[in-house]
Amino acid sequence: MNAALEISTGEAVLFWVLAPLMVAGALSLLFAKRPVHIAVSIAGVMIGLAVMYIMLEAPFLGVAQIVVYTGAVMMLFLFVIMLAGVDSSESLVETIKGQRGIAVVGLLGLLILVITVLTRASLPPAVGLAQANADTNPVGVARLIFGDYIFAFELTAALLITAALGALVLSHRRRLSPKVGQAELAEAKLAAYGKGGSAEGVTPPAGPGVYARHNSADMPALDAAGNPIDDSVVTVLRVRGQEAETADLDADRVARIATGAPMVPELDGAERADRAELDEQAETTKENEE
Amino acid sequence: MNTNLAPILARSTGAADFSNDTIWVSVIKAVAILLFLLLSVLFALWFERRIIARFQQRLGPNVRGPFGLVQSIPDALKLILKEDITVKAADKVIYLIAPVISVFCAFMIYAVIPFGPMVELPGGFTTPLQLTDTPVSILYILGITGLGVYGIVLGGWSSGSSYPLLGAVRSTAQIISYELGMSLALVSVLLVAGSMSTSEIVNSQENLWWAFALLPAFVVYLISAFGEVNRLPFDLPEAEGELVAGYQTEYSSMKFAWFYLAEYINMLNVAAVATTVFMGGWRAPWPLVTLFGEGVDQGWWGLLWFILKIWLFMFLFVWVRATLLRFRYDQFMAFGWKVLIPVALVWLGLVAAFQGVRHFTSFDPTAIDVGGLSLRTVLFGIAGILIVVTIVMYLIPDRGKKPAVEGAGAKVPEPADEPFDAFAGGYPVPPLPGQKLPPSTRRARVTTPAAPAEDETTDEEKTDG
């Protein structure tokens, strides 16, 4: 808050470090291919700008810049760009005829203006920073906004709210059918199933494998009657013909499960044979795969 | 206009005084904060695993070091020493900077958090236990939190894979919506504290913590804090059951460790902000001040209270994680937009009206006398009575149980008279209220082949049922 406003070394260093970075970030608008890279660079430029504001003793403006522009506006841009597709790049088609020519003329005009101001204008020494920041910077800003510029502030607020409401109204569509919730959907699925429809959606599809016997992805699950469920093996394996043959694999076991009798851990002769056959099958499939 | 604004400022008690700090003091403080955060994260890993284990009736890590305390160090080392994979489809530059953004933003919040009051170091040097403070500290915290989202969003996008992208999209929507509720809750504190500087907010809580005076704002802040740090019940960006690991799916080794670090530091961040803004910061809990005098509210004691309060919130995070289930995404968004934000907004309006009446008219609501007692005493009395009544009502058992499902729109099934039909709608259904499930035919078959003695059967039936 020095009255004479000398530029300290720290300030100069910060400026000359930040300024080239910001210019490079801004140039990405012209040269970067991917929209996300542009969005990130612009976010970087905005942060640089915020640091500049803070350096110029306007911390409120600097932080508001980050909260509003980087945190909200740019984030929404990024959000949309991201959803537009990872690999989408900018279209370089000229939509308005003579767009480029006009842009070049505009740029030249701007350059001339900036150079003229920088070289010819003599600005008076800046005064009043200490006075403006006397009761901390946010209080100074608040006095201006809610005192001298209250009318402009309220008008802007009204404009923004109107815009937000307008967006809501324009994007609002009236529902043609009642909303289907989770409970209604489940009920509808079960009712369809009860009328003889498919069980799909009522129960999840069976996964492959026979519990505790053969767990690999090529082994179809068995239904309650001991028949293999083909859908439980992924399509790729079935198409390649790599699905394991189960034939009448565990008919005996399945029958016993159906009776509800407790399972006996030891294997009898037939089962041992089954298992050997299974292992053999597994090995041959493995070899086939290799 | 200027004269009207003056009374609000008259309340401010002055920010911490950093005039003694040189650049070297600031560097030392910054390094100390960095160390504090890194050690706290290591401790938090152990803390969370132990507490979760307790909730699940097991012990948790208890082998390496006293109480298993150093378990986090080999875990962290393991993570760093793993192979660093960069997926082929990734956008290399952004893939690399995303975790860096996350972790940098996480570290930056503690710069404005006061750890304690002015302390005297050996050698007579006095300095506040805080790296720095600005008149816009709270806004700074919100801004940095907003920047932290970039890490998650860019990480999810640059992985070039669908689950991370979905996680990133969810995370953006989540953090932006919950930041609104959070900001509104914080603004009501700013209104009553009359400042955005963290040290001044702590100073303004000398007599009364804002958590009590502004309870609705505190509750809204706490809930949004869970959304903000992506933790259960709001961990939708990394919901394991749906999105593998959300935006972190394609990250490994050091880069994953950075995301992980950022996540835990963010927990410490919201805990610190809640402590500073609502729980009196480094101020001692008032029963202790009454018991032991003003001494416990000064100097290095502040550091102790501050850290204790942070870990109170950390415990809350773990407790909630161990207790609650994940929300469904649409329910979660509806809750944020249709409950939290309106509540915070209405509360903010009330607080603003109260403050307006206090400062811009000669009528001071806090000075009302009700039968010789001040309004504050009366309000606290009413609150106390209400709390007692609530506790008593909890203790009185309900006379005549009401049906479990209540409220408009909910269907309360009528007790059915007809016998139970297991395939009522053409598909298997459970019995309605009033109907009895017939005994299982299968159970009879299980028990009959063994043909045990009569008394044993009944025993078995009991345990089976």
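An unreviewed UniProt entry annotates chain B as NADH-quinone oxidoreductase subunit H of Occultella glacieicola. Under the UniProt heading Subunit (unreviewed entry), the note attached to chain B is "NDH-1 is composed of 14 different subunits. Subunits NuoA, H, J, K, L, M, N constitute the membrane sector of the complex." Looking at the Catalytic activity (unreviewed entry) heading of the UniProt record, one finds this comment for chain B: "a quinone + NADH + 5 H(+)(in) = a quinol + NAD(+) + 4 H(+)(out)".

Under an unreviewed UniProt entry, chain A has the name NADH-quinone oxidoreductase subunit J and belongs to Occultella glacieicola. Database annotation for chain A, UniProt heading Sequence similarities (unreviewed entry): "Belongs to the complex I subunit 6 family."

Along its length, chain A carries 11 helices and two strands. Each helix (α) and strand (β) of chain A, taken in turn from the N terminus, gives the series α-α-α-α-α-α-α-α-β-β-α-α-α. For chain A, with 290 residues in total, the buried portion stands at 21%. Surface exposure of chain A reaches about 20700 Å², of which carbon and sulfur atoms provide 67%.

Counting its secondary structure elements, chain B contains 17 helices and four strands. Long-range pairs, those at least 24 residues apart, make up 74% of the contacts in chain B between residues at least 6 apart in sequence. Taken as a whole, chain B presents about 24900 Å² of accessible surface, with 68% of it coming from carbon and sulfur.

Right, let's get into a nonpolar patch on the surface. A grouping of Phe43(B), Phe67(B), Leu69(B), Val70(B), Ile73(B), Leu77(B) and Leu81(B) is seen on the molecular surface, where their side chains present a nonpolar patch of about 660 Å² in accessible area. Relative to the elements of secondary structure, Leu69(B) occurs in the loop between α2 (23–55) and α3 (72–81).

All names here are of chain B. For the structure on display, the rule yields one cavity of 30 Å³ or more. Lining the largest cavity are 25 residues, with Thr145, Gly148, Glu228, Val229 and Asn266 sitting closest to its centre. Put simply, the parts of the chain that give the lining of the largest cavity at least two residues each are α4 (92–108), α5 (137–158), α6 (162–193), α9 (215–228) and α11 (253–278). Looking at the lining of the largest cavity, its residues break down into 17 nonpolar, six polar and two charged.

All names here are of chain B. At a minimum axis distance of 11 Å, the contact between α9 and α11 shows a crossing angle of 170 degrees. Taken together, the axes of α9 and α11 are roughly antiparallel relative to one another. Contact residues: Ala217, Phe218, Tyr221 and Ala225 in α9; Val270, Val273, Ala274 and Phe278 in α11. Taken together, the residues that form the contact of α9 with α11 break down as eight nonpolar, no polar and no charged.

All names here are of chain A. Mapped onto this numbering, the UniProt entry annotates "transmembrane region" (unreviewed entry) at residues 12–31, 38–56, 62–86, 98–119 and 149–170. Annotated as residues 12–31, this span is 100% helix and 0% strand, and its ends, taken at the C-alpha atoms, are 28 Å apart. The straight-line gap between the two end C-alpha atoms of residues 98–119 is 32 Å; of that span, 95% is helix and 0% is strand.

A word on the interface of chain B and chain A. Residue-level contacts link 35 residues of chain B with 35 residues of chain A. In total, about 3100 Å² of surface goes out of reach between chain B and chain A, with carbon and sulfur atoms giving 77% of it. Counting the surface chain B buries against chain A, the share from its top three residues, Tyr150(B), Trp157(B) and Tyr427(B), is 22%. Linking chain B to chain A there are zero salt bridges. Applying the counting rule to chain B against chain A returns three residue pairs in polar contact (both at pLDDT 80 or more). Of all elements in the fold, only α1 (2–11), α5, α6 and α16 (441–447) of chain B reach the threshold of two or more residues within the side of chain B that touches chain A.

Residues and elements named next belong to chain B. Note: strand β1 (residues 116–121) against strand β2 (residues 125–129), five bridges, orientation antiparallel. Across the sheet, residue Glu120 finds its bridge partner in β2, namely Thr126. In textbook terms, the turn of a hairpin is the stretch between consecutive antiparallel strands, and for β1 and β2 this stretch comprises three residues, one of which, Gly123, has a positive phi near 110 degrees.

Moving on: a negative patch on the surface. Side chains of Glu277(A), Asp279(A), Glu280(A) and Glu283(A) sit close together on the surface and give a patch of like negative charge. Along the chain, Glu277(A) falls in helix α11 (residues 269–289).

Let us now look at the environment of Gly167(B). Residues and elements named next belong to chain B. For Gly167, the location among the structural elements is in helix α6. Gly167 sits in the buried class, given a relative accessible area of 0%. Measuring from C-alpha to C-alpha, the distance between Gly167 and Gly425 comes to 40 Å, with 258 residues separating the pair along the chain.

Another aspect to go through is the packing of α5(B) against α11(B). Two numbers describe a pair of packed helices, the interaxial angle and the distance between the axes. All names here are of chain B. With their axes 12 Å apart at the nearest point, α5 and α11 run at an angle of 160 degrees to one another. Comparing their axes, α11 and α5 come out roughly antiparallel. The handedness of the crossing between α5 and α11 is left-handed. Residue-level inspection shows Ile138, Ile141, Gly151, Ile152 and Gly155 of α5 in contact with α11, the latter providing Phe259, Val273 and Val277. Across the contact of α5 with α11, the residue classes break down as six nonpolar, two polar and no charged.

Before going further, it helps to examine the confidence of the model for chain B. All names here are of chain B. For chain B, per-residue confidence averages 80 on the pLDDT scale, and residues scoring 70 or more make up 85% of the total. Predicted confidence is poor over residues 450–465, with pLDDT under 50, and the contacts of this stretch with residues over four places away or in other chains come to six contacts. Here the predicted complex carries an ipTM of 0.71, next to a pTM of 0.73.

It is worth spelling out the environment of Ala322(B) at this point. Residue and element names in this part refer to chain B. Along the chain, the position of Ala322 falls in helix α13 (residues 301–323). Relative accessible area serves as the criterion here: at 31%, Ala322 is assigned to the partly exposed category. Between the C-alpha atom of Ala322 and that of Phe55, which follows or precedes it by 267 residues, the distance is 6.6 Å. With residues up to four places along the chain from it excluded, the contact list for Ala322 reads Ile52 and Phe55.

A separate point is the packing of aromatic side chains. All names here are of chain B. The final tally for this structure, using the stated rule, is 28 aromatic pairs over all chains. A ring pair is formed by Trp209 and Phe212, whose centres lie 6.1 Å apart and whose planes are at 20 degrees; its orientation type is stacked. Site record: aromatic cluster; members linked through ring pairs are Tyr178, Phe234, Phe327, Tyr329, Phe332 and Phe335.

Residue and element names in this part refer to chain B. Tallied over the full model, the rule gives five salt bridges over all chains. As a salt-bridge pair, Arg321 and Glu48 come within 2.7 Å of each other at their nearest N and O atoms. Separated by 273 residues along the polypeptide, Arg321 in helix α13 and Glu48 in helix α2 bring together distant segments of the chain. The class of Glu48 is buried, set by a relative accessible area of 3%. Here Lys255 makes a salt bridge to Asp84, at a shortest N to O gap of 3.1 Å. Placement of Lys255 in helix α11 and of Asp84 in the loop between α3 and α4 is noted, with a sequence separation of 171 residues between them. Within this structure, Glu48, Arg231 and Arg321 form a network of salt bridges that share partners.

Calculation criteria
- Residues numbered from 1 in each chain as written.
- Chains lettered and ligands numbered in written order.
- Predicted model: local features only at pLDDT ≥ 70, side-chain atom pairs only at ≥ 80, totals over all residues.
- Heavy atoms only, no water.
- UniProt positions renumbered as here; feature names shortened; annotations may be inferred.
- Helix = DSSP H or I, 4+ residues; strand = E, 2+ residues; numbered from the N terminus.
- Buried < 20%, exposed > 50% of the residue type's maximum accessible area, 1.4 Å probe, protein only.
- Areas by Shrake-Rupley, 256 points an atom, 1.4 Å probe, with all protein chains shown as cover.
- Contact = heavy atoms within 4.5 Å.
- Patch = residues over 30% accessible without salt bridge, like charges linked within 9 Å, V, L, I, M, F, W, Y side chains within 5 Å.
- Salt bridge = Lys/Arg side-chain N within 4 Å of Asp/Glu carboxyl O.
- 1 Å grid on protein atoms, 1.4 Å probe; cavity = no way out; pocket = protein on both sides within 12 Å on 5 of 7 lines; lining within 4 Å.
- Points joined across faces, edges and corners; volume = space filled by probe spheres on them.
- Nonpolar A, V, L, I, M, F, W, Y, C, P; charged D, E, K, R; others polar.
- Axes fitted to C-alpha atoms, helices over the stretch in contact; angles between N-to-C directions.
- Parallel < 35°, antiparallel > 145°, perpendicular 65-115°, else oblique.
- Buried area = accessible area lost by both parts, 1.4 Å probe.
- Polar contact = N/O pair within 3.5 Å; in protein donor to acceptor, adjacent residues only side chain to side chain.
- Pairing = 2+ DSSP bridges.
- Lys, Arg positive; Asp, Glu negative; His and termini not counted.
- Charge placed at Lys NZ, Arg CZ, Asp CG, Glu CD.
- Left-handed = near helix turned anticlockwise from the far one by under 90°.
- pLDDT = per-residue confidence, 0-100.
- Phe/Tyr/Trp six-rings, centres within 6.5 Å; stacked < 30°, edge-to-face > 60°.

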